[in-house]
Structure formats: C-alpha cells, structure tokens
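Below are the chains, spelled out letter by letter.
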Amino acid sequence: KNEVEQSPQNLTAQEGEFITINCSYSVGISALHWLQQHPGGGIVSLFMLSSGKKKHGRLIATINIQEKHSSLHITASHPRDSAVYICAVLNSGGSNYKLTFGKGTLLTVNP
Amino acid sequence: DSGVTQTPKHLITATGQRVTLRCSPRSGDLSVYWYQQSLDQGLQFLIQYYNGEERAKGNILERFSAQQFPDLHSELNLSSLELGDSALYFCASSVGTNIRTDTQYFGPGTRLTVL
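Reference entry: report on the structure contained in this document. Not measured: the values here are computed from a predicted model.

**Topic: the overall build of chain B**
In step 1: Scanning chain B from N- to C-terminus turns up zero helices and eleven strands.
In step 2: Secondary structure elements of chain B occur, N-terminal to C-terminal, as β-β-β-β-β-β-β-β-β-β-β.
In step 3: Computed over C-alpha atoms, the radius of gyration of chain B comes to 13 Å, within 12% of the 13 Å expected from 2.2 N^0.38 for 115 residues, which places it in the range of a compact globule.
In step 4: The principal-axis extents of the C-alpha atoms in chain B amount to approximately 35 × 25 × 25 Å.

Written as structure tokens, this is what we have:
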C-alpha cells in the first residue's frame, strides 16, 4: 500500500462545478503540500498546511490530522483549472526529512 | 514564469554516459531542491541544498550527486546512466530552509532521455 493515496485518479467536470480531490496518508506527518502540474509540465505550489484550512481564490485546502486526510476543493471550476493535482506529505525529524508524493489526480474541466 | 531557470530543456544521451543539469534559483532564494518525475515512480524528492550546504537527502541514487555553488546556482550530476533514469528533472527554490512553511518555486524542468 502506498503511503499517499489520492482519489479519484481522473476527474472530468463541467465548467462551474464544485471539485473535490482527496489525499489520504498512512503515516504521521509534519505537513502536507498540494501542487498543480499544468499540461505543459510546469509545477506550481498551491498550499502547505499542517492543520485546519487554507483558502486562496477559488481554491480551498483542508486537512484532518487525526483522520490522516486532506482535501483540495475548487469552487466555480474553469477549463484553466485542468491540470494534475498532486499531494505530498512531509515527515520531518532531526536533521533530515522525508517527502512522499501521491500519484496525482488528473482534472479535466470542460467548457 | 517562476524565476527559476533550468538548462538544458532537453537532453538525449546513451546508457553509461554522464550528464550535468543546471539550475539557477530565484533572486534572493537560498535553498535549491531537486526532484525526479518518471512515468512509473511519479515525483520523487532527491536532495536539498541551502546556501551551499546539503540540507536534506531523499531518494537520490549513489550514481547521482549535486552541489550548490557560491553564486547559489546548483548542478545535478547523473553518471553511469541507465534507461530507467529517463525522466523529467525539476529544481525548485525557496527563500529559506523550512520545507514546512517556505513556498517552493519550480523551474520548467529538464527532460532527460537515455537511449
């Protein structure tokens, strides 16, 4: 079993729909990152969170440490949101850390 | 444009060869991270440098090495290349060393093909 599981693997939505992407992990973590990878390959860091909820524009990220689960929500989705969304969990301790990535969720938003 | 530059964009080489990938961080950023993205393994963290010193090590193979120079640019050296090393290699930079809180800015990547 992978340490980081994302669901769904693929998601197709119509413009304007509310989107939820899930990330579950099996180990204790220090923080969780959400990344967006555009069709051309470029990667953008969206959120880093260790508790609660963060919002940036139409994007909202939540994390429940006890349930080892995080969600990324997109409100009023738009075709430009089409991308792969990747979560990564951070285990840190001492002088080193471990960063483990999920396989990603491919989101396609149709006009 | 993130402000992080990587060269070359594409690299095609043969098994057994050695290549060097280069990364220039955003102005003012002291940390550089290297990542590998392959079709079967997905994204993997390789190594982080902060102000010239190795800060953290991930899944970096012994055949790979990296360094960060006084002008803060970084190079990733890949040697004895194998077919499985074919991947996209990203570097990212951040202002500090705290991976929990510092936003990372990613470069456009170098696509390495090993034939």
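Once the structure has been displayed, the description carries forward.
**Let's talk about the sheet that holds strand β7 (residues 59-64) of chain A**
Residues and elements named next belong to chain A.
In step 1: One open sheet accounts for five strands, arranged β1-β3-β8-β7-β6; its pairing is antiparallel. Lying at the two open borders of the sheet, with one neighbouring strand each, are β1 (4-7) and β6 (52-56). Averaged over neighbouring strand pairs, the angle between their axes works out to 15° when direction is ignored.

**Here we look at the environment of Gly107 of chain B**
All names here are of chain B.
In step 1: By the secondary structure assignment, Gly107 is in the loop between β10 (105-106) and β11 (110-114).
In step 2: Between the alpha carbons of Gly107 and Glu54 there is a distance of 20 Å; along the sequence they are 53 residues apart.
In step 3: Excluding residues that lie within four positions of it along the chain, Gly107 makes contacts with Ser2, Val4, Gln6, Phe90 and Cys91.

**Considering the environment of Asp29 of chain B**
All names here are of chain B.
In step 1: In this fold, Asp29 is placed in the loop between β3 (19-24) and β4 (31-38).
In step 2: Separated by 26 residues in the primary sequence, Asp29 and Arg55 have C-alpha atoms spaced 14 Å apart.
In step 3: Filtering out sequence-adjacent residues up to four positions away, Asp29 remains in contact with Leu72, Ser93, Ser94, Val95 and Tyr105.
In step 4: There is a polar contact of 2.9 Å between the side chain of Asp29 and the side chain of Arg26.
In step 5: A distance of 2.7 Å separates the side chain of Asp29 from the side chain of Ser93, its partner in a polar contact.

**Overview of the pairing of β7 of chain A**
All names here are of chain A.
In step 1: Relative to β7, β6 runs antiparallel, the two being bridged by five bridges. Bridge pairing links Lys54 to Ala61 in β7.
In step 2: The turn joining β6 and β7, which pair antiparallel and follow one another in sequence, is formed by two residues; a positive phi near 65° is taken by Gly57.
In step 3: Adjacent in sequence and paired antiparallel, β7 and strand β8 (residues 69-74) are bridged by four residues, among which Lys68 carries a positive phi angle near 55°.

**A closer look at the packing of aromatic side chains**
In step 1: Counting across every chain of the model gives five aromatic pairs over all chains.
In step 2: Where Phe101 of chain A meets Tyr35 of chain B, the ring centres are 5.8 Å apart and the plane angle is 85°; that geometry is what we call edge-to-face. One end of the pair, Phe101 of chain A, is in strand β10 (residues 96-101); the other, Tyr35 of chain B, is in strand β4, on a second chain.
In step 3: The buried category is assigned to Tyr35 of chain B, whose relative accessible area is 1%.

What counts, and at which threshold
Sequence order as written defines residue numbering, which begins from 1 separately in each chain. Here the convention is simple: chains get letters from A, ligands get numbers from 1, in the order in which they are written. Under the rules for a predicted model, residues below a pLDDT of 70 receive no local features and side-chain atom pairs below 80 are neither given nor counted, while totals for whole chains, interfaces and linings still include all residues. Side-chain descriptors were evaluated using all non-hydrogen atoms of the structure, hydrogens and water having been removed beforehand. A run of DSSP states H or I qualifies as a helix once it reaches four residues; a run of E qualifies as a strand once it reaches two. Both are numbered from the N-terminal end. Just to be clear, the radius of gyration here is over C-alpha atoms, and the globule rule we use is 2.2 Å times residues to the power 0.38. Between any two strands, pairing holds if DSSP finds at least two bridges. For every element, the axis is a line fit to its C-alpha atoms; helices are fit only across the contacting stretch, and the angle between N-to-C directions ranges from 0 to 180 degrees. The criterion used for residue contact is that any of the two residues' heavy atoms lie within 4.5 Å. Here a polar contact means two N or O atoms within 3.5 Å. Within protein one must be a hydrogen donor candidate and the other an acceptor candidate, and residues neighboring in sequence count only if both atoms are side-chain atoms. Here the aromatic set is Phe, Tyr and Trp, taking the six-membered ring for Trp, and pairing holds for ring centres within 6.5 Å; pairs whose planes are under 30 degrees apart are stacked, those over 60 apart are edge-to-face, and all others are tilted. Categorising residues by exposure relies on relative accessible area from a 1.4 Å probe, with only protein chains included: less than 20% of the type maximum marks a residue as buried, more than 50% marks it as exposed, and the intermediate range marks it as partly exposed.

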